[in-house]
Amino acid sequence: MSKKVLFITQEMQPYVPASPMATTGRELPPAVQDAGVEIRTFMPRWGIINERRNQLHEVIRLSGMNIVIDDTDHPLIIKVASLPAARMQVYFIDNDDYFHKRKMMRDDEGREYEDNVERAVFYARGVLETLKKLRWTPDVIYCQGWMASIVPFFVKTAYAEDPAFMGTKVVYSPYAETPSLPETQRLVSLISFKAANEDALKERGLDTAAPCTLEEIAVRFSDAVIEGETGAQPEAVELARSQGKPVLLKAEMAEKPGTVCRDFFTAVSDAPAAEA
């Protein structure tokens, strides 16, 4: 039986300008699909995306939920577009506060948005809640970049007992770009949701009294790591190795990336669940 892999990325051509992640986001899902894997793909509906040119349209049956972050309701809007050449649909997570008329990590003046962590939390929960509505249960969730870095934490804690994710493995890819973070206790407060809390972070060996990174949280709650850019986040790769987690380096994907990733995802999915 073919595996089901959910791709959660933050960048994909042709919707955003070319970058290492945008290129991988566009090329890897169809390559894995061609290797015999059933896929779904999500990305944020950044304000730089031209909806008319890219033919995005809202999926009413999936929209309408409110996600509470920092005691504020934020409506979840789901849009979809097709890439006929890739035989692939892309789902977009949208919200007026976090994405409408706003760029990715930085504004027009190059300043980081102060609510980048909140945006990542909204994105993570938006994807997972939408997936439940789609009634599509992935064997593996593949998370690319800082915008998807909260997903492993949620899957292994807040959604751990949800039938849609109970057997799901999570693979994370760190990239060079990562936002500045608020002080650790503020970060913990923002990402806390149900069983996703400070105690869960401590159980995975994270010192909440010291500064941490989104990449560290992602790696500690993932089952495996794929290097996003060669040498970009060596600490994340070494952390995964130190915990005995499978690591796939960028260089190992140079030839036949679809087949290599399919085999890696299959091995991760079929491996026994690791102890927390």
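A quick note: this is a predicted structure, and the numbers were derived from the prediction, not measured.

**Q** Whenever I open this one, the nonpolar core confuses me. Can you help?
**A** Nonpolar side chains in soluble globular proteins generally cluster together in the buried interior. If you look at the biggest cluster of nonpolar residues, it comprises 95 residues, and the most contacted ones within it are Tyr 15, Met 43, Phe 153, Phe 154 and Phe 265. The element contributing the most residues to this core is helix 3 (residues 116-134), with 10 residues. The contact partners of Met 43, leaving out residues within four places of it in the chain, are Thr 9, Gln 10, Glu 11, Met 12, Tyr 15, Val 16, Ile 49, Val 90, Tyr 91, Phe 92, Ile 93 and Tyr 123.

**Q** Looking at this structure, I do not really get the sheet that holds strand 9 (residues 169-173). What am I missing?
**A** Note: strands within a sheet are paired through backbone hydrogen bonds, in either parallel or antiparallel orientation. Pairing within the open sheet is mixed, and its nine strands lie in the order 3-6-7-2-1-8-9-10-11. On the outer flanks of this sheet lie strand 3 (57-58) and strand 11 (247-248), each paired with one strand and no other. The sheet contact formed by strand 6 (residues 77-83) and strand 7 (residues 88-94) spans seven bridges and is antiparallel. Directly across from Ile 77, in strand 7, lies its bridge partner Asp 94. Those strands touched by helix 1 (residues 20-34) are strand 1 (4-8), strand 2 (38-44), strand 6, strand 7 and strand 8 (140-144), and its axis lies near 160° from that of strand 2.

**Q** Help me understand the layout of surface pockets, please; the structure alone is not making it clear to me.
**A** The gaps of empty space that remain are located by a probe, the size of a water molecule, rolled over the atoms. Put simply, the second largest pocket is a space of about 160 Å³. Lining the second largest pocket, in full, are Glu 11, Ile 48, Lys 103, Met 104, Met 105, Arg 106 and Glu 177. In the lining of the second largest pocket, the residues fall into three nonpolar, no polar and four charged.

The rules behind the values
- Residues numbered from 1 in each chain as written.
- Predicted model: local features only at pLDDT ≥ 70, side-chain atom pairs only at ≥ 80, totals over all residues.
- Heavy atoms only, no water.
- Core = buried A, V, L, I, M, F, W, Y, C linked by side-chain atoms within 4.5 Å.
- Buried < 20%, exposed > 50% of the residue type's maximum accessible area, 1.4 Å probe, protein only.
- Helix = DSSP H or I, 4+ residues; strand = E, 2+ residues; numbered from the N terminus.
- Contact = heavy atoms within 4.5 Å.
- Pairing = 2+ DSSP bridges.
- Axes fitted to C-alpha atoms, helices over the stretch in contact; angles between N-to-C directions.
- 1 Å grid on protein atoms, 1.4 Å probe; cavity = no way out; pocket = protein on both sides within 12 Å on 5 of 7 lines; lining within 4 Å.
- Points joined across faces, edges and corners; volume = space filled by probe spheres on them.
- Nonpolar A, V, L, I, M, F, W, Y, C, P; charged D, E, K, R; others polar.

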